Amino acid sequence: MKYLIEPTRNTPFVNFDYNSGILELKGISSPENSLEFYNPVFKAVDKYKELGKNQLEVNMALEYFNTSSSKCIYQIFKGIKRLSEAGSSVVINWMYDSDDEDMREVGEDYSDILGLEFNYLEMDF
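All values derive from a computational prediction rather than experimental measurement.

Trainee: Describe the overall build of the protein, with residues and values.
Mentor: What the protein contains, in helices and strands, is three helices and six strands. In summary, the protein has a C-alpha radius of gyration of 13 Å against a globular reference of 14 Å for 125 residues, a match within 12%. Seen through its C-alpha atoms, the protein measures out along the principal axes to roughly 40 × 25 × 25 Å. The buried share of the protein, reckoned over its 125 residues, is 42%. A fraction of 67% describes how many contacts in the protein between residues 6 or more apart in sequence connect residues 24 or more apart. Of the roughly 6800 Å² of accessible surface on the protein, a fraction of 45% belongs to carbon and sulfur atoms. Across the protein, the 12 positively charged side chains and the 22 negatively charged ones have centroids separated by 11 Å.

Trainee: For the packing of aromatic side chains, give the residues involved together with the corresponding values.
Mentor: Applying the stated criterion to the full structure yields 10 aromatic pairs. When the ring of F77 is compared with that of W94, the centres are 6.3 Å apart and the planes differ by 40°; the resulting orientation is tilted. Taken as a pair, F77 in helix 2 (residues 67-85) and W94 in strand 5 (residues 89-97) lie far apart in primary sequence, 17 residues in all. By relative accessible area, which is 2% here, W94 ends up buried. Among the aromatic residues, those joined into a ring-pair cluster are F77, W94, Y110, F118 and Y120.

Trainee: How would you summarise the confidence of the model for the protein if you had to cite specific residues and measurements?
Mentor: Averaged over all residues, the pLDDT of the protein is 95; the fraction at 70 or higher stands at 100%. Summarising per-element confidence for the protein, the mean pLDDT is lowest in strand 1 (residues 2-5) (92) and highest in strand 3 (residues 22-29) (98).

Trainee: Can you tell me about the pairing of strand 3, naming the residues and giving the values?
Mentor: The pairing of strand 2 (residues 13-17) with strand 3 spans five bridges and is classified as antiparallel. Within the sheet, the bridge partner assigned to N15 lies in strand 3 and is E24. In textbook terms, the turn of a hairpin is the stretch between consecutive antiparallel strands, and for strand 2 and strand 3 this stretch comprises four residues, one of which, G21, has a positive phi near 75°. The pairing of strand 3 with strand 4 (residues 55-65) spans eight bridges and is classified as parallel. Across the sheet, residue E24 finds its bridge partner in strand 4, namely N59.

Trainee: Can you explain the environment of Y120? Please cite residues and give values.
Mentor: As for its position among the elements, Y120 is in strand 6 (residues 118-123). Sequence-wise, Y120 and R104 are 16 residues apart; in three dimensions their C-alpha atoms are separated by 7.2 Å. The residues contacting Y120, other than those within four sequence positions of it, are W94, Y96, R104, G107, E108 and S111. A distance of 3.5 Å separates a polar atom in the side chain of Y120 from the backbone nitrogen of E108.

Trainee: Residues and numbers for the side chain of D97, please.
Mentor: Positionally, D97 belongs in strand 5. Although buried, D97 forms no salt bridge, and the nearest oppositely charged side chain, R104, lies 13 Å from it. From its side chain, D97 meets the backbone nitrogen of D99 in a polar contact 2.8 Å long. Discounting chain neighbours no more than four positions away, the residues touching D97 are M123, D124 and F125.

About the thresholds
Sequence order as written defines residue numbering, which begins from 1 separately in each chain. Totals for whole chains, interfaces and linings use every residue, but because this is a predicted model, local features are given only for residues with pLDDT of at least 70 and side-chain atom pairs only at 80 or more, for both listing and counting. To get the side-chain values, take all heavy atoms of the structure and skip hydrogens and water. Helix numbering and strand numbering both begin at the N terminus, where a helix is a DSSP run of H or I of at least 4 residues and a strand a DSSP run of E of at least 2. Radius of gyration means the value over C-alpha atoms here, while the globule rule gives 2.2 Å times the residue count to the 0.38 power. Exposure classes here rest on a 1.4 Å probe applied to the protein chains alone. A residue is buried below 20% of its type maximum, exposed above 50%, and partly exposed in between. In this description, contact between two residues means that some pair of their heavy atoms is separated by no more than 4.5 Å. Only the protein chains shown count as covering a residue, and every accessible area follows the Shrake-Rupley method with a 1.4 Å probe. For the purpose of counting charges, residues Lys and Arg are taken to be positive, whereas Asp and Glu are taken to be negative. His and the chain ends are not included. A single reference atom marks each charge: NZ on Lys, CZ on Arg, CG on Asp, CD on Glu. Here a Phe, Tyr or Trp ring, Trp counted by its six-membered ring, pairs with any other such ring whose centre lies within 6.5 Å, and the pair is stacked when the planes are under 30 degrees apart, edge-to-face when over 60, and tilted otherwise. Per-residue confidence from the predictor is reported as pLDDT, which spans 0 to 100. Strands are labelled as partners when DSSP assigns at least two bridges between them. Whenever two N or O atoms come within 3.5 Å, that pair is a polar contact, provided that in protein one can donate a hydrogen and the other can accept it, and provided that, for residues adjacent in sequence, both atoms are side-chain atoms. In what follows, salt bridge is the name for a side-chain nitrogen of Lys or Arg lying within 4 Å of a carboxyl oxygen of Asp or Glu.

In structure tokens, the structure reads:
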């Protein structure tokens, strides 16, 4: 089972492959209606938990996201935390441009607020 959204100028690439246990978000996130865009992703994370999967790798490589997207990304991480609390092994890779320390700090904030461990990986976007 796979959940896939192709990227646009304002929305990120989203790929959630239930078989491999990998959730990827890449690109820019500034949709007109963030809740409408991300609601299916929230549901996909919840469904993954319902399926009783025991491991998840999250690869977040967002170059930019607006405030409303930030709230939605937080909600995704809350769902991932519930998965972790249910006993699943969760690995979160927070990828950021090597010239963008602010984006790394955003990842650190999510990690601190939610009590989830992140791996920080510098990339060149």
